[in-house]
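Here is what each chain is made of, one letter per residue.
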Amino acid sequence: MRKLALHWKILIGMLLGLVFGFIMLQVGGKEFTEDWIKPIGSIFVKLLKLIAIPLILASLIKGISDLKDISKFKNIGLKTIGIYIITTVIAISIGLTLVNIMQPGDGVSEETIAKLTETYSENSSVKAKIEEASKQMGTGPLQFLEDMVPDNAFNALSNNKLMLQVIFFSIFLGISMLLIGEKRAKPMKKLFDSLNDIVLKMVDLIMLTAPVAVFALLANVVVSSDDPDILYALLKYAGVVVLGLVLMIVFYCVLVATFTKKNPFWFLKEMSPAQLLAFSTSSSAATLPVTMERVEEHIGVDKEVSSFVLPVGATINMDGTSLYQAVAAVFIFQALGLDLTFGDQITIVLTALLASIGSAAVPGAGMVMLVIVLESVGLPPELLPIGLALIFAVDRPLDMCRTVVNVTGDATVSMIVAKSVGKLGEPKVKNWDDNYDEVK
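Treat the numbers as computed from the prediction; the structure is a model and nothing was measured.

A.B. asks: In this structure, what is going on with the overall build of the protein chain? I would like to understand it.
C.D. replies: Of regular secondary structure, the protein chain possesses 21 helices and zero strands. Relative to a compact globule of 440 residues, whose C-alpha radius of gyration would be 22 Å, the protein chain shows 22 Å and is just as compact. Over its C-alpha atoms, taken along the principal directions, the protein chain stretches across nearly 70 × 50 × 45 Å. Counting across all 440 residues of the protein chain, residues that qualify as buried make up 52%. In the protein chain, the proportion of contacts linking residues at least 24 apart, taken out of those at least 6 apart, comes to 86%. For the protein chain, the accessible area works out to roughly 19,900 Å², and carbon and sulfur atoms hold 64% of it. Taken as two groups, the 36 positive and 41 negative side-chain charges of the protein chain have centres that lie 12 Å from each other.

Following this line, the structure appears as structure tokens:
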């Protein structure tokens, strides 16, 4: 079993989880699964989130302090933000093109709309998403910049939702270390270099449990699934979203082959453990430690690049989520018999792009972003709960799929940026027991 590649172990765990979940669903084992199986997956996700902030802190500070030349950081930063914006606009455009061509909303019957509205419009989760979106829309145009700057570093480091603040503090500290000179910064640099090695070893240890964890996560997703009849009615809409996400993966492969001259199939193979975890957890933030480990050790991106590009990407680059919002917004208007002008669809592009920057990298954040997009194109407030109810039943499985695209996009951009600054080298794979002989 040890010789079996990690991605195959995780894939087997996922398949067994799906089968087990369906069996439990048939025999009425939902309560057993939630009580005895779900906690295993929850502990795994908590462990990944536990090390996410220490990893960002250590990696960013180490990467910046290794630069020697602060102008390199400016170069990396501008390229990263620019490419992220371009890929997000392309993702939204693909979504709009597909939903306008295939028009999945035209096939939804009035009976289905009534059933979905009755089932979900008063759902507490739907209401919470609308309230959260209202709070975000009530802020000023520069609120996201203000939110990036922490007033208490320790408070930022203690909250996974404040990822941008952690990134800001890490960059600020790393640049300050550069400016005081190598000799004065040496003790602090040694501390963060050591912390970085320790956290990466923690990633290796946590990943030993990944196959069992994804089994638990997928089993719980299946037993928690909604009415199969409703899911079937939304199959065309879900199919359009998935098709768009697949096209984004193809687009990433083209970028990898064109700009890095690497085999895209090799890229997908090396990234598959992170992609499978992204699918299982529905969280870019939880997957971040694994994404960084795969990109640095298995693809060969230098830490100077990955330590900035990937944490920033997990926070502001949501290509899959933005594509989904474009499809979902137009689908809702189609299903409700409302018209969208060309100008409205341009508004969707701009709003989805801006909303993705300030959205959290956690499950369900896409729904909050969608509320903002829908209100920007004039969906009447009384129809907003109905619109969300139309897509709520399939939001979780689609969230799993779009998180895969988000993570793949982050890795693609890190490769492109690394290649452009001469920091894409040969992979140097490390195993959890590399130093075991020293401590036996």
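A.B. asks: Looking at this structure, how should I read the pattern of salt bridges?
C.D. replies: Oppositely charged side chains may form a pair once their charged atoms are brought near each other. Summed over all chains, the structure comprises eight salt bridges. Connected through shared salt-bridge partners, K62, K189 and D193 make up one network.

A.B. asks: What should I look at first to understand the nonpolar core in this one?
C.D. replies: Taken as a class, soluble globular proteins show a tendency for nonpolar side chains to be buried jointly. If you look at the biggest cluster of nonpolar residues, it comprises 61 residues, and the most contacted ones within it are I171, M271, V301, F308 and V309. Leaving out residues up to four positions away in the same chain, M271 has contacts with T291, R294, V295, I299, V407 and A411. Residues A133, A238, L255 and Y324 belong to the second largest nonpolar core, which totals 60 residues.

A.B. asks: In this structure, what is going on with the side chain of E293? I would like to understand it.
C.D. replies: Structurally, E293 is set in helix α14 (residues 284–299). Although E293 is buried, it forms no salt bridge, and the closest oppositely charged side chain is R294 at an N-O distance of 4.3 Å. Side chain to side chain, E293 and H298 meet in a polar contact 3.5 Å long. Those residues in contact with E293 that sit more than four places away from it in its chain are V203, D204, H298 and K430.

A.B. asks: I'm lost on helix α10 (residues 210–223) in this one. Help?
C.D. replies: What sets the pattern is the α-helix's 3.6 residues per turn: residues three or four places apart point alike. Helix length check: α10, at 14 residues, gives a terminal C-alpha distance of 20 Å against a target of 20 Å (1.5 Å per residue), a fit within 8%. With twelve of 14 residues buried, α10 is to be regarded as a mostly interior element. Lining the buried residues of α10 we find α1 (6–27), α2 (30–65), α9 (182–207), α13 (264–281) and α20 (395–420).

A.B. asks: I tried to follow the environment of F215 on my own but got confused; where do I start?
C.D. replies: If you trace the backbone, F215 turns up in helix α10. Linking F215 and K262, residues 47 residues apart in sequence, is a C-alpha distance of 32 Å.

A.B. asks: Which parts of the structure should I look at to understand the state of the cysteines?
C.D. replies: Two cysteines joined by a covalent bond between their sulfur atoms form a disulfide. In this structure the tally under the stated criterion is zero disulfides. Here C253 is not cross-linked by a disulfide; its sulfur's nearest cysteine counterpart is in C401, at 16 Å. For C253, a relative accessible area of 14% corresponds to the buried category.

A.B. asks: It is not clear to me how unusual backbone geometry should be interpreted in this structure. Could you clarify?
C.D. replies: The general pattern is negative phi for most residues beyond glycine and trans for most peptide bonds. The phi angle at K261 is positive, at roughly 60°, despite the residue not being glycine. Along the chain, K261 turns up in the loop between α12 (235–260) and α13. In this structure, S282 takes a positive phi of about 60° despite not being glycine. Inspection of the secondary structure assignment puts S282 in the loop between α13 and α14. The exposure class of S282 is buried, given its relative accessible area of 2%.

A.B. asks: I'm lost on the packing of aromatic side chains in this one. Help?
C.D. replies: Between two aromatic rings, the relevant description is the distance of the centres plus the angle of the planes. Going through the model one piece at a time under the given rule, you end up with five aromatic pairs. Centre to centre, the rings of F168 and F172 are 6.0 Å apart; their planes meet at 45°, and the pair counts as tilted. Here F172 and F168 lie together in helix α8 (residues 163–179), a separation of four residues that amounts to about one turn. When its relative accessible area of 31% is taken as the criterion, F168 is described as partly exposed. For F172, a relative accessible area of 53% gives the class exposed.

Definitions and cut-offs
- Residues numbered from 1 in each chain as written.
- Predicted model: local features only at pLDDT ≥ 70, side-chain atom pairs only at ≥ 80, totals over all residues.
- Heavy atoms only, no water.
- Helix = DSSP H or I, 4+ residues; strand = E, 2+ residues; numbered from the N terminus.
- Rg over C-alpha atoms; globule rule 2.2 N^0.38 Å.
- Buried < 20%, exposed > 50% of the residue type's maximum accessible area, 1.4 Å probe, protein only.
- Contact = heavy atoms within 4.5 Å.
- Areas by Shrake-Rupley, 256 points an atom, 1.4 Å probe, with all protein chains shown as cover.
- Lys, Arg positive; Asp, Glu negative; His and termini not counted.
- Charge placed at Lys NZ, Arg CZ, Asp CG, Glu CD.
- Salt bridge = Lys/Arg side-chain N within 4 Å of Asp/Glu carboxyl O.
- Core = buried A, V, L, I, M, F, W, Y, C linked by side-chain atoms within 4.5 Å.
- Polar contact = N/O pair within 3.5 Å; in protein donor to acceptor, adjacent residues only side chain to side chain.
- Expected span 1.5 Å × (residues − 1).
- Disulfide = S-S within 2.5 Å.
- Phe/Tyr/Trp six-rings, centres within 6.5 Å; stacked < 30°, edge-to-face > 60°.

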